Amino acid sequence: MRMKNSIQKPFGDAASVEIEVRQFRADEWAEFKRVRLLALAQDGSKFKFEAREELTHSDAQWISRVSDPDHCMVGAFIKATGAAVGLTIASISPSREELEIGSLWIDPAHRGKSLTMSIYATFFEWSKDKPDLKYVEISHRAGNKSTEALAATYGFTRHRVEKNVIWFDGAVADKIFYRWEIPRSLFSAAKPDVKHSVNIKPDDRRTGL
Ligand SMILES: CC(C)(COP(=O)(O)OP(=O)(O)OC[C@H]1O[C@@H](n2cnc3c(N)ncnc32)[C@H](O)[C@@H]1OP(=O)(O)O)[C@@H](O)C(=O)NCCC(=O)NCCS
């Protein structure tokens, strides 16, 4: 994966908003629930049919998801308010060799600012004490141009295709999987609880696809 030199965008502008990318804390489960349900309401067609189950999750299920040690829930938060404007979930595969990154969603008002780079960097920090991991895997519904562009930008390799998947909106389409081999050097220096901050000018975002 190609990583950029810097994840900071210090515009120093009075109108800018500081976004902090970090793991959801266990006591932020309700904010996690809010932003995940918002993602499903606004962009449900990008996610799998099984995500419909989340619509009826109990609070206890949301709490247990945020606390699961085999999952890393990362959010992009407006630092001043703590409101989440994006989320992504990484899960360790049953073989424990793959870090599966999914459920990626950024609020349209905050897209185009490379927040996914900070999200991935947070996953890598979380992964540093898990040296059995060999690959990062991402996937998307065939035709999802923004995720396709993201995979190309970050140097993922197309790995496999799952045919005829049913999606959240009931449509049937292929699911495209990509892989990136994790360099061993990633595990050399564990630094837990890393946070990334990005300053964003509200008028400086890419028009989404
Ligand atoms: C996918 C999504 C999270 C990308 O959000 P984003 O804020 O645009 O992501 P970033 O700014 O971090 O972009 C990372 C890279 O992805 C690519 N990319 C993402 N969206 C793009 C777009 N609309 N046009 C061109 N390239 C795009 C770019 O290569 C970009 O690299 P850059 O920072 O060098 O320009 C966002 O579009 C989204 O939430 N979509 C709806 C839900 C969804 O599709 N989730 C994915 C499910 S698999």
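To start, this report covers the structure provided alongside it. (Residues numbered from 1 in each chain as written. Predicted model: local features only at pLDDT ≥ 70, side-chain atom pairs only at ≥ 80, totals over all residues.)

1. A short note on the site of the ligand
Turning to step 1, where the next piece is worked out: Near the ligand you find 22 residues, and of these Arg111, Thr116, Ser146, Leu150 and Thr153 are the closest.
Turning to step 2, where the next piece is worked out: At the level of elements, β4 (98-106), α3 (115-127) and α4 (145-153) are the ones that each hand at least two residues to the shell around the ligand.
Turning to step 3, where the next piece is worked out: No other element matches the five residues that α4 contributes to the shell around the ligand.
Turning to step 4, where the next piece is worked out: Looking at the shell around the ligand residue by residue, the classes come out as eight nonpolar, nine polar and five charged. (Near = placed C-beta within 6 Å. Helix = DSSP H or I, 4+ residues; strand = E, 2+ residues; numbered from the N terminus. Nonpolar A, V, L, I, M, F, W, Y, C, P; charged D, E, K, R; others polar.)

2. Overview of the nonpolar core
Turning to step 1, where the next piece is worked out: If you look at the biggest cluster of nonpolar residues, it comprises 34 residues, and the most contacted ones within it are Phe32, Met73, Ala76 and Leu87.
Turning to step 2, where the next piece is worked out: Broken down by secondary-structure element, the contributors of at least two residues to this core are β1 (17-23), α1 (29-43), β2 (71-78), β3 (84-92), β4, α3, β5 (135-141) and β7 (172-181).
Turning to step 3, where the next piece is worked out: For Phe32, the residues in contact, after removing those within four places along its chain, are Phe24, Trp62, Val66, Met73, Gly75 and Leu87. (Core = buried A, V, L, I, M, F, W, Y, C linked by C-beta atoms within 7 Å. Buried ≥ 20, exposed ≤ 12 C-beta atoms within 10 Å, placed from the backbone. Contact = placed C-beta atoms within 7 Å.)

3. Things to note about the environment of Arg141
Turning to step 1, where the next piece is worked out: Structurally, Arg141 is set in strand β5.
Turning to step 2, where the next piece is worked out: Through-space distance from the C-alpha of Arg141 to that of Lys48 is 8.4 Å; in sequence the pair is 93 residues apart.
Turning to step 3, where the next piece is worked out: Once residues lying within four places of it in the same chain are set aside, the contact partners of Arg141 are Lys46, Trp167, Ala173 and Lys175.

4. Topic: the packing of α1 against helix α2 (residues 59-67)
Turning to step 1, where the next piece is worked out: Packing of α1 against α2 leaves a shortest axis separation of 9 Å and a crossing angle of 100°. Between α1 and α2, the crossing angle belongs to the class labelled roughly perpendicular. In this structure, α1 contributes Trp29, Phe32 and Lys33 to the contact, and α2 contributes Trp62, Ile63 and Val66.
Turning to step 2, where the next piece is worked out: In the contact of α1 with α2, the residues fall into five nonpolar, no polar and one charged. (Axes fitted to C-alpha atoms, helices over the stretch in contact; angles between N-to-C directions. Parallel < 35°, antiparallel > 145°, perpendicular 65-115°, else oblique.)

Function cannot be inferred from these measures alone, as they are strictly geometric.
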